[in-house]
Amino acid sequence: MDNGRVYFVNHESRTTQWEDPRIQIRHVSVLPLPDGWEERYTDDGVKYYVDHNSRKTTFQDPRVALTSGSHPSVPYERSYHWKFGQFRHMCSRASIQQGHIKICVSRNSVFEDSYSQIVNVPAQDLRRRLFISFKGEEGLDYGGLAREWFFLLSHEMLNPMYSLFEYASANNYSLQINPASYVNPHHLSYFKFVGRVIALALFHNKYIDKGFTLPFYKRILDKPLTMLDLKAVDEDFYNSLKWVKDNDLEECGMELYFAHEFEVLGEVKVHELKPGGEDILVTEENKEEYVNLMVGWRFTRGVSDQYTAFIQGFNEIVSVKWLQYFDERELEIMLVGIQDIDITDWQANTIYRHYKRTDKQITWFWQFVKEISDEQRSRMLQFVTGTCRLPIGGFRELMGSNGPQKFCIEKVGKENWLPRSHTCFNRLDLPPYRSYNVLKEKLLFAIEETEGFGNE
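Residues numbered from 1 in each chain as written. Predicted model: local features only at pLDDT ≥ 70, side-chain atom pairs only at ≥ 80, totals over all residues. Heavy atoms only, no water.

A.B. asks: Give a description of the confidence of the model for the chain that names residues and reports values.
C.D. replies: In low-pLDDT segments, the atomic positions of the prediction should not be examined closely. Confidence in the prediction of the chain, expressed as mean pLDDT, is 83, and 84% of residues score 70 or more. Taken together, the stretch residues 23-30 has pLDDT below 50 and engages in 26 contacts with residues farther than four places along the chain or on a different chain. Confidence drops under a pLDDT of 50 for residues 64-77, and excluding neighbours within four residues, the segment shows 24 contacts in the predicted structure. (pLDDT = per-residue confidence, 0-100. Contact = heavy atoms within 4.5 Å.)

If you want it as structure tokens, here you go:
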């Protein structure tokens, strides 16, 4: 400016401000690690840190403060509510306050009407206030109609009947991209539309009707996918790769090549995992590479173009960088909400192995469930079952890998062990802790800190 004062221009929202955005919004991961520290990943893709000064490891990020110039440090917090507040702040700053965007749809054709309007609106305008109306109905949208529209639209556009998405498996009703979506010649345009709608729901703080698989959320967050992520979405594929990893192929006389056959709409196709893969034999020396390539291919097989279109539409509304605070479970909660969990129903439909209902550890577990917050209860449900959503019939209709499978608590391990979960069987391995405080500490660490480390 003429007086020499520095100001900042946000070209996304077409606004200016005096405050430096680098001070207001800065994620801890952009800071350098302290001297002597190193970032590594476990075999399952969980990030941890090595302190070479003390020769210790930890899952806690040592960059506990955000600093810039002479400004005071801001403590880094990992609580969901703090992260959510930061995200809402970014959305508020990017929103356009002037005017609104009007969307008028028929309840009988909410998908088609919404598609025709949203794909033709400049992405910038979708950051204005939404004004939703239904044809033939009177009413002003003070938020309620927008909530209903997101629910109805997501219910339709994510319906497997349209072939854009499919259920992860016969007993897992989370959604993933359908490799056969190309039966619709305009499918990529629809995926870009879906990406816009999902980002719109986040941007305007609304919920959708159905949820995706956790690996799909990890892809949105650009987090590495691991073999363990396969277990919840394709257990047979996971088991076959685990067998390859755990056995000596040469001793077993197994011949594998860096290529894989798969079927789409009755047509068998061959995918080479690397150039010339059909002629490259898998050996003990290169099988780790084979497993990693197979994991990557399984999550992207036949869906790369669809996902590219989806994330392009998503990024037009919400920058993926705004979500770097969150893990995949928190992103699911942001999109589908925290479901009301009936603890009485939960208790009534829980079975026990090597524990009795009257054992003190079981009494303490239910005391813990009643004391924690709604968000933490949802994370507990995610930790054990793989999702924060319940079937319509509640806990009695939980499904496992072999059909109906109730929530199960099994006595496994020693007091210094962390709880573990088996999401395919809705089972929690709960060691026989000697006090309530220890049980509470271990369970909180498992559901808040591990990000899959304690899952099988």
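Back to the text.
A.B. asks: Kindly report on the side chain of Asn 426, identifying the contributing residues and their values.
C.D. replies: Its location among the elements puts Asn 426 in the loop between β18 (420-422) and β19 (427-429). With relative accessibility at 1%, the residue Asn 426 sits in the buried group. Polar contacts involving the side chain of Asn 426 include one to the main-chain carbonyl oxygen of Gln 405, which spans 2.8 Å. Apart from residues lying up to four places away in sequence, Asn 426 is in contact with Val 384, Thr 385, Leu 398, Met 399, Gly 400, Gln 405, Lys 406, Phe 407 and Cys 408. (Helix = DSSP H or I, 4+ residues; strand = E, 2+ residues; numbered from the N terminus. Buried < 20%, exposed > 50% of the residue type's maximum accessible area, 1.4 Å probe, protein only. Polar contact = N/O pair within 3.5 Å; in protein donor to acceptor, adjacent residues only side chain to side chain.)

A.B. asks: For the pattern of salt bridges, give the residues involved together with the corresponding values.
C.D. replies: It is possible for side chains of opposite charge to pair when their charged atoms get near one another. A full pass over the atoms with the stated rule returns 22 salt bridges. In this structure, Glu 289 engages Lys 274 in a salt bridge whose closest nitrogen and oxygen atoms are separated by 3.1 Å. Of this pair, Glu 289 sits in helix α10 (residues 287-300) while Lys 274 sits in the loop between β13 (267-272) and α10; the two residues are 15 residues apart in sequence, bridging distant segments of the chain. Overall, Lys 274 belongs to the partly exposed group, its relative accessible area being 25%. Ionic contacts of the salt-bridge type, sharing partners, join the residues Lys 83, Asp 327, Glu 330 and Arg 379 into one network. (Salt bridge = Lys/Arg side-chain N within 4 Å of Asp/Glu carboxyl O.)

A.B. asks: An account of the pairing of strand β12 (residues 259-264) is needed here, citing residue identities and associated values.
C.D. replies: Alignment of β12 against β13, held across 6 bridges, turns out to be antiparallel. Looking across to β13, one finds that Glu 261 is bridged to Val 270. Between β12 and the antiparallel strand that follows it, β13, lie 2 residues; Leu 265 among them carries a positive phi value of about 50 degrees. (Pairing = 2+ DSSP bridges.)

A.B. asks: Break down the sheet that holds strand β17 (residues 407-410) for me, citing the residues and quoting the values.
C.D. replies: Read from one edge to the other, the open sheet built from 4 strands follows the order β14-β17-β19-β18, with strand pairing classed as mixed. Strands with a single pairing partner mark the edges of an open sheet, and in this sheet they are β14 (350-353) and β18. The mean inter-strand angle of the sheet, taken between neighbouring strand axes irrespective of direction, is 20 degrees. Sheet topology places β17 next to β19; 3 bridges connect them, and they run parallel. Pairing of Glu 410 across the sheet is with Asp 429, part of β19. Sitting on the sheet, helix α15 (residues 374-385) touches β17, β18 and β19, and the angle it makes with β18 is about 60 degrees. (Axes fitted to C-alpha atoms, helices over the stretch in contact; angles between N-to-C directions.)

A.B. asks: How would you explain the environment of His 422 if you had to name every residue and give the values?
C.D. replies: With respect to the helices and strands, the residue His 422 is situated in strand β18. Sequence separation between His 422 and Thr 385 is 37 residues, and the spatial gap between their C-alpha atoms is 7.5 Å.

A.B. asks: Explain the nonpolar core to me, and be specific about the residues and the numbers.
C.D. replies: The biggest cluster of nonpolar side chains holds 67 residues, and the ones touching the most others in it are Trp 149, Phe 314 and Leu 323. Among the elements that line this core, the one with the most residues is helix α5 (residues 187-203), at 11 residues. Contact partners of Leu 323, with chain neighbours within four places excluded, come to Phe 87, Leu 202, Ile 220, Leu 221, Phe 314, Leu 331 and Met 334. Ranked by size, the runner-up nonpolar core spans 29 residues in total, among them Trp 346, Leu 381, Leu 428 and Tyr 436. (Core = buried A, V, L, I, M, F, W, Y, C linked by side-chain atoms within 4.5 Å.)

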